[in-house]
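Inside the fold
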Amino acid sequence: MVTGKGGTGKTTVAAAMALSLADQGKRVLLVEVEGRQGLAQLFDVPPLPYVERKIAVGPGGGEVFALAVDAEAALLEYLDMFYHLGRAGKALDKVGAVDFVTTIAPGLRDVLLTGKVYEATRRKAHGRLAYDAVVLDAPPTGRIGPFLNVNHEVAGLAKVGPIRNQADAIMGMLRSDVTRIHLVTLLEEMPVQETLDAVEQLETLDLRIGSIVVNMVRHSPLDDESLALAVKEKLPTAELTKGLRAAGISASKQMVSTLAAEARDHAVRIGLERENRDRIDALGKEVTELGLVPDGIDHGALFDLAEDLRS
Amino acid sequence: MTALDLDALIDDPTTRIIVTCGAGGVGKTTTAAALGLRAAERGRKVVVLTIDPARRLAQSLGLTELDNTPRAVKDVDGANGGSLDAMMLDMKRTFDEVVLAHATPEKAEQILANPFYVALSSSFAGTQEYMAMEKLGQLHKQAEKTGEWDLIVVDTPPSRSALDFLDAPERLASLLEGRFLRLLLAPARGPLRLMSAGVNLAMSVMNKVLGAQVLTDVQTFAAAFDTLFGGFRERAEKTVALLREPHTAFLVVAAPQNDALREASYFADRLREERMPLAGVVLNRVTTTHAPDLSAERSLAAAEKLTDSDKSALTAAVLLLHADRMQQVVGEAKRADRFRRGHRSVPTVDVPALPDDVHDLAGLRQIGDLLTA
Ligand SMILES: Nc1ncnc2c1ncn2[C@@H]1O[C@H](COP(=O)(O)OP(=O)(O)OP(=O)(O)O)[C@@H](O)[C@H]1O
Ligand SMILES: Nc1ncnc2c1ncn2[C@@H]1O[C@H](COP(=O)(O)OP(=O)(O)O)[C@@H](O)[C@H]1O
Ligand SMILES: [Mg+2]
Ligand SMILES: [Mg+2]
């Protein structure tokens, strides 16, 4: 499961994780549930239908299949699975019940989406598991708790019967060792705060945190001592002036002070990032860093990120 | 390609509502708060409705309690006769208030306790957008009546897409007025009777799958909401009409990144289509430099030269930073330019990225200065 604040890179990281697993020879299903066609955009293919479709091949022989789950189609599938309701399902759809129920009861939507993930995880093909791993581009941190816990709620409502059994089974899988929730964050106040809040919430729900993925990290070319000086606006201008001359750049007073001011801005930002990094580290979780890709994410960049995730 | 003059906008007494919108994380809340503060310190009586402020920013505005009513912000300079109130939207509470205001006490109680209502009011995607509009309508009414505010600045929810904000009220209203709820209310009445075989089948399936209690809950919910239906649509339409009036100004906030600009582009087009008054686009967190003549390439080459000859590592590092910065400056300028060329009639303003984040009144004043520089 990959979650995080909006825009931090959930979809990108989920895709990179799937690729990195494929690179190890695994058959991977990469699933999105938000109805946004984020995977199609990322892999630059036409919108994905509600069908599993091969989207990439890992150099190590593995494969990535992608699936965009559609809650309404999943509801009909679910009804059919439990109640064999071919025709009645259509009747439900026709009167707008499916739309209504999946929209107004967000919990039900989540039941269906997690149910689909569960099914894919356990599906057998040719006497073995159809997928070695399922990677979910999950809802954002603001909704991840209720999303993953929905089957617990269902189990509270349905005391017995097939729905209860299904809910228990899904919850069992989500809480077991096979499931890991990875949180993607940037080193900024709001995403870090959401990460901390989500970790606390998920752990209260008995769900397991995998790693914190700190995304879009920029490394500083300045050492700590220079960073400290830069913040205090005390970088040695004489050295900068001499250095610029040696490099053949006009070392006007203005140039020197501009470069020093830029170094200060940078040092302030790094200071802020370090404070946020400390807050992440204080969680005591595994932390993985992914660098900022300068020119946007394309196919190649995705494979690079996948490699970074592996190491 | 015109410049966006925000001081003219906030100083114009006929500007009564400013809405900031855009993709998530671009700076909508920051812009709304900064403009509200600036307008107040220039003499307007302002209320700012924030949706999801960063924690430290909320604290600095005194928004520690979620009580869904505007409170005066401390340390605002009132020398020009202005004032600033701020509030943070509590969507569930706003929804509850609507129900309480428009249903009889027994009916209200029934609705508030209904599990479908609870789900709808706390987590339906779109409720937050709808309630922001609702709250705006309320604040506007109160401002007209009491005269305590002459400018309302509204932030919009951190939607996955800026367009959600325009569509959500309609989506919620049509859901509540939808065919299925009608059917639940009157399964065997009127012209719908013809369908009732299908409906009965549907009902019996729901009964079987969801349990009788759930179906009863949905029906209670539908029945209880029935009296509110007309009201909901009417209110949504009123707010939309309010947004079309010339005293409203939309500001689209975007970061100079492809995703955010694409979103801003859709939004600008959509506002025009809907005949909503777009004042302009704020390009926020733009990378700037005072040494634009030292290009990334030259800076990089110079840094390499120093490193190769083992001279000042500090200067080399500083040059690398500048090279990095120049790369961003150039990339952003290219993207911003493309955006401007595609929207020649839309005024824009660039707001530089501050090194620190914006978490107090001083920071907001600084953003206010930059917005109007
Ligand atoms: N390491 C990186 N370096 C550079 N750009 C990145 C990196 N990771 C993600 N991005 C970019 O950041 C943007 C947001 O990423 P992405 O769409 O994966 O986020 P998300 O969390 O799925 O967003 P949403 O909440 O909208 O679903 C995209 O433009 C993506 O290309
Ligand atoms: N011009 C700016 N310079 C530096 N930081 C900024 C700037 N504008 C916004 N921020 C920071 O970016 C983060 C997101 O801003 P916010 O206004 O909450 O975005 P939104 O409301 O669009 O989601 C906040 O931490 C804020 O302090
Ligand atoms: Mg995404
Ligand atoms: Mg916001």
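Residues numbered from 1 in each chain as written. Chains lettered and ligands numbered in written order. Predicted model: local features only at pLDDT ≥ 70, side-chain atom pairs only at ≥ 80, totals over all residues. Heavy atoms only, no water.

1. So, the site of ligand 1
Put simply, the rule is: Only heavy atoms are used to decide nearness, and a residue is near a molecule or strand if one of them lies within 4 Å of it. Pairing of N or O atoms within 3.5 Å defines a polar contact, subject to two protein rules: one partner must be a possible hydrogen donor and the other a possible acceptor, and residues neighboring in sequence count only if both atoms are side-chain atoms. Only the protein chains shown count as covering a residue, and every accessible area follows the Shrake-Rupley method with a 1.4 Å probe. By definition, any uninterrupted DSSP run of H or I lasting at least four residues is a helix, any uninterrupted run of E lasting at least two residues is a strand, and each is numbered from the N terminus. Asp, Glu, Lys and Arg are counted as charged, while Ala, Val, Leu, Ile, Met, Phe, Trp, Tyr, Cys and Pro are counted as nonpolar; the rest, among them Gly, fall into the polar class.
In the neighbourhood of ligand 1, 16 residues make up the surrounding shell, with A:Lys10, A:Thr11, A:Thr12, A:Val293 and B:Asp259 lying closest. Separating an oxygen atom of ligand 1 from a backbone N or O atom of A:Gly7 is a distance of 2.9 Å. Within the contact set of ligand 1, an oxygen atom lies 2.7 Å away from a side-chain nitrogen or oxygen of A:Thr11. If ligand 1 stood free it would expose 630 Å²; the protein chains cover 79% of that surface. Where the shell around ligand 1 is concerned, the elements lending two or more residues are α1 (10-23) and β9 (209-217) of chain A. Examining the composition of the shell around ligand 1, we find that three residues originate from one element, α1(A), more than from any other. Its residues assigned to classes, the shell around ligand 1 comprises four nonpolar, eight polar and four charged.

2. Considerations on the domain arrangement of chain A
All names here are of chain A. Rules: Residue ranges labeled as domains rest on an automatic or database domain assignment. Any two residues having at least one pair of non-hydrogen atoms within 4.5 Å are treated as being in contact. Summed over both partners, the accessible surface that disappears when two parts come together, traced with a 1.4 Å probe, is what is meant by buried area.
Structurally, chain A comprises domain 1 (2-218 + 292-310) and domain 2 (221-283). Here domain 1 and domain 2 have C-alpha centroids that lie 42 Å from each other. Facing the 11 residues of domain 1 at the interface are eight residues of domain 2. Overall, the association of domain 1 and domain 2 removes approximately 890 Å² of surface from exposure, summing both partners, and the carbon and sulfur fraction of that is 68%.

3. Section: the layout of surface pockets
All names here are of chain A. Rules: A pocket here means an open set of points on a 1 Å grid, computed over the protein atoms alone, that has protein on both sides within 12 Å along at least five of seven lines. A cavity is instead a set of points where a 1.4 Å probe fits but cannot get out; residues with an atom within 4 Å of a point line either one. Grid points are joined across faces, edges and corners, and a volume is the space filled by probe spheres set on the points.
Counted as a void, the second largest pocket has a volume near 680 Å³. Leu-21, Val-134, Val-135, Arg-180 and His-182 are, among the 29 residues lining the second largest pocket, the residues nearest its centre. Those elements that provide at least two residues to the lining of the second largest pocket are α1, α6 (106-122), β7 (133-137), α8 (162-175), β9, β10 (286-291) and α13 (299-310). Counting residues per element, the lining of the second largest pocket draws most heavily on β7, which supplies four residues. A breakdown of the residues in the lining of the second largest pocket according to their chemical character gives 15 nonpolar, nine polar and five charged.

4. Side note on the site of ligand 2
The immediate surroundings of ligand 2 are formed by 17 residues, with B:Gly27, B:Lys28, B:Thr29, B:Thr30 and B:Leu354 found nearest. More than one chain reaches ligand 2: its neighbouring residues belong to chains A and B. For ligand 2, an oxygen atom lies 2.9 Å from a polar atom in the backbone of B:Gly25. Every element with two or more residues in the shell around ligand 2 is listed here: α2 (28-41), β7 (278-286) and β8 (348-352) of chain B. At three residues, α2(B) tops the list of elements feeding residues into the shell around ligand 2. Classifying every residue of the shell around ligand 2 gives eight nonpolar, five polar and four charged.

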